[in-house]
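The chain contents come next:
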Amino acid sequence: MAKLPDMTKHRGFPYAMPGTGIQFVIRRANPKGATPIKALPRHARPGSGAHRIDAAFLHALWHHFGAEPFERGNLDAARLNLLFGREVLAVDKDFDPVSYEAMLVINEKVARQSFPESFEDVFEV
């Protein structure tokens, strides 16, 4: 088996959205390399199931990392891509979208406008 790339595992970060099977983290690094991080269009309207999943993921990010920069690590690319470029931004201008070590940060102003429920102490699933 090929040697897996190094990847930070965010201990204590929720594995998935309860009751949905939608994962928030991956178990192991991809031997072919990390899935690229890129901004994807988001079509979910507030109140929809997809919006609730994005809000739950952002809630987990905020309550785990706060306003501090964080490493991509084992965070799921599919979830990040729906927030990237808006609520989650690259820290460095030389951002490598296929690096597990890429640094990200929550754009708190935009995130609070898009997902105010994510900043409450408890997120009801």
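This write-up is about the structure you can find in this document. Fair warning: this is a prediction, and the values are worked out from it, not measured in the lab.

### Here we look at the sheet that holds strand β3 (residues 103-106)
If you trace the 3 strands from one edge of the open sheet to the other, you get β1-β3-β2, paired in antiparallel fashion. Both edges of this open sheet fall to β1 (70-71) and β2 (88-90), since each of them pairs with a single strand only. Sitting on the sheet, helix α1 (residues 49-65) is in contact with β1, β2 and β3, with an inclination near 105 degrees to β3.

### What about the environment of Arg-86?
Mapped onto the fold, Arg-86 is located in the loop between α2 (77-83) and β2. Classification of Arg-86 by relative accessible area gives partly exposed; the value is 25%. The spacing of Arg-86 and Pro-116 is 30 residues in sequence and 14 Å in space, taken between C-alpha atoms. In terms of polar contacts, Arg-86 uses its side chain to reach the backbone carbonyl oxygen of Leu-40, at 2.9 Å.

### Regarding the pattern of salt bridges
Under the defined criterion, the tally for this structure stands at 4 salt bridges. With its nearest N and O atoms 3.0 Å apart, the salt bridge here joins Arg-79 to Asp-54. Taken together, the positions of Arg-79 in helix α2 and Asp-54 in helix α1 put the pair 25 residues apart, joining distant regions of the chain. The same class applies to Arg-79 as to Asp-54, namely buried. The shortest N-O distance in the salt bridge between Arg-112 and Glu-108 comes to 2.8 Å. Placement of both Arg-112 and Glu-108 in helix α3 (residues 108-114) is noted, with a separation of 4 residues, approximately one turn of the helix. We classify Arg-112 as partly exposed; its relative accessible area is 39%. Residues joined in a network through salt bridges with shared partners are Arg-42, Arg-86 and Glu-87.

### Regarding the environment of Phe-115
Its place among the elements puts Phe-115 in the segment after α3. Of the residues examined, Phe-115 reaches a relative accessible area of 1% and is grouped as buried. As a C-alpha pair, Phe-115 and Asp-54 span 61 residues in sequence and 8.4 Å in three-dimensional space. Setting aside anything within four residues of it in sequence, one finds Phe-115 in contact with Arg-42, His-51, Asp-54, Ala-55, Leu-58, Leu-83 and Glu-87.

What counts, and where the lines are drawn
- Residues numbered from 1 in each chain as written.
- Predicted model: local features only at pLDDT ≥ 70, side-chain atom pairs only at ≥ 80, totals over all residues.
- Heavy atoms only, no water.
- Pairing = 2+ DSSP bridges.
- Helix = DSSP H or I, 4+ residues; strand = E, 2+ residues; numbered from the N terminus.
- Contact = heavy atoms within 4.5 Å.
- Axes fitted to C-alpha atoms, helices over the stretch in contact; angles between N-to-C directions.
- Buried < 20%, exposed > 50% of the residue type's maximum accessible area, 1.4 Å probe, protein only.
- Polar contact = N/O pair within 3.5 Å; in protein donor to acceptor, adjacent residues only side chain to side chain.
- Salt bridge = Lys/Arg side-chain N within 4 Å of Asp/Glu carboxyl O.

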